[in-house]
Amino acid sequence: MSFARLLRRKPSRPDPNAAITRLFRNPPQLRALARLLAGRERLRILVHAMADGAEAVSLLVALDPAAWPVDLEIHGRELSAGYVEDAKTFAYSKLHMPRRPPLPFGAYLSRRLLGGWAVRSRWRSVFRYAEGDVLKPEPGLPRHGFDLVACQNLLVNLPEEARGPAFANLVHCLASGGVLAVGGGPLGEIHRLAREHGLTPVLDDVEAIHEAWEVQRAFWSNPRRPYWALEPFDPGQPDGPERYVTLFHKEAG
């Protein structure tokens, strides 16, 4: 969540120590996505606001293509040229790795001699990284062509008037039967935008997924609460559990 994104301008390479996107940062959501996408012979994935590529790599591990044959492509787009350059190194420091990484991660990442981890060379061809802006439709991206479109922790940083157009651009990239992942809020607005576009909320594990946004949840109790902090899960809210949904399904047809 960089300040440059909030201002919607192209930043230089961010300070790597201040801009870490942790690998496997929301395990319940990753497990839910793996279930929703399981069994497909072909998967095309788009990750907007990919930062240093940790989100895209986490999806690779969660989908575990080494365990079942699938024609897989993961496209990443990011406003920052510096982030794109960092993502293309496929290297991650120990700060990226959670205390308990998922079991199959060793098939996809190996230890580096100088410390940290790197994506194994056999998997790097899966990724296609480039600069891109969620507010500007990209002519080269296939419309209605992606089985999963993910844009985590970005919409809450956009001005209110920009969220609708950004959401519409994400939906336009989504294939029939595809899944949209938009974690991080803004709560009370995301699920209404999804309904406007005819998407169905995926309520499976919604509480576990919401509470797994650990950084955003931890800052809720901060005396100087930031705007991106997330409230505790409360199904008694007027919107019910849908208020906290991060995954949405586009009906086939």
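## Thoughts on the nonpolar core
For soluble globular proteins, the rule of thumb is that nonpolar side chains tend to be buried together. Core analysis: the largest hydrophobic core is formed by 43 residues, its most contacted members being Leu 72, Ile 74, Leu 109, Phe 127 and Tyr 129. Examining the composition of this core, we find that 7 residues originate from one element, helix H3 (residues 54-63), more than from any other. Other than its neighbours up to four places away in sequence, Leu 72 contacts Leu 43, Arg 44, Ile 45, Leu 60, Leu 63, Pro 65 and Val 126.

## Focus on the confidence of the model for the protein
Per-residue pLDDT for the protein averages 90, and the proportion of residues at 70 or more is 92%. Between residues 1-18, whose pLDDT stays under 50, and residues either more than four places distant or in other chains, the model counts 33 contacts.

## What to know about the environment of Ala 194
With respect to the helices and strands, the residue Ala 194 is situated in helix H6 (residues 190-196). For Ala 194, a relative accessible area of 0% puts it in the buried group. The sequence separation of Ala 194 and Ala 91 amounts to 103 residues, and the corresponding C-alpha distance is 35 Å. Contact partners of Ala 194, with chain neighbours within four places excluded, come to Phe 167, Leu 199 and Phe 248.

## Quick look at the pattern of salt bridges
Evaluated as defined, the whole model comprises 13 salt bridges. Among the ionic pairs, Arg 22 bridges to Glu 214, the shortest N-O distance being 3.7 Å. A residue pair is termed long-range when its members are at least 10 positions apart, and Arg 22 in the loop between helix H1 (3-7) and helix H2 (27-37) and Glu 214 in helix H8 (residues 214-218) qualify at 192 residues. Owing to a relative accessible area of 26%, Arg 22 belongs among the partly exposed residues under this scheme. Glu 214 sits in the partly exposed class, given a relative accessible area of 48%. Ionic pairing is found between Asp 205 and Arg 35, a salt bridge with its closest N-O pair at 2.6 Å. With Asp 205 in the loop between strand S9 (200-201) and helix H7 (206-211) and Arg 35 in helix H2, the pair connects residues that are 170 residues apart, well separated along the chain. Overlapping salt bridges bring together Arg 44, Asp 71, Glu 73 and Arg 128 as one network.

Definitions and limits used
- Residues numbered from 1 in each chain as written.
- Predicted model: local features only at pLDDT ≥ 70, side-chain atom pairs only at ≥ 80, totals over all residues.
- Heavy atoms only, no water.
- Core = buried A, V, L, I, M, F, W, Y, C linked by side-chain atoms within 4.5 Å.
- Buried < 20%, exposed > 50% of the residue type's maximum accessible area, 1.4 Å probe, protein only.
- Helix = DSSP H or I, 4+ residues; strand = E, 2+ residues; numbered from the N terminus.
- Contact = heavy atoms within 4.5 Å.
- pLDDT = per-residue confidence, 0-100.
- Salt bridge = Lys/Arg side-chain N within 4 Å of Asp/Glu carboxyl O.

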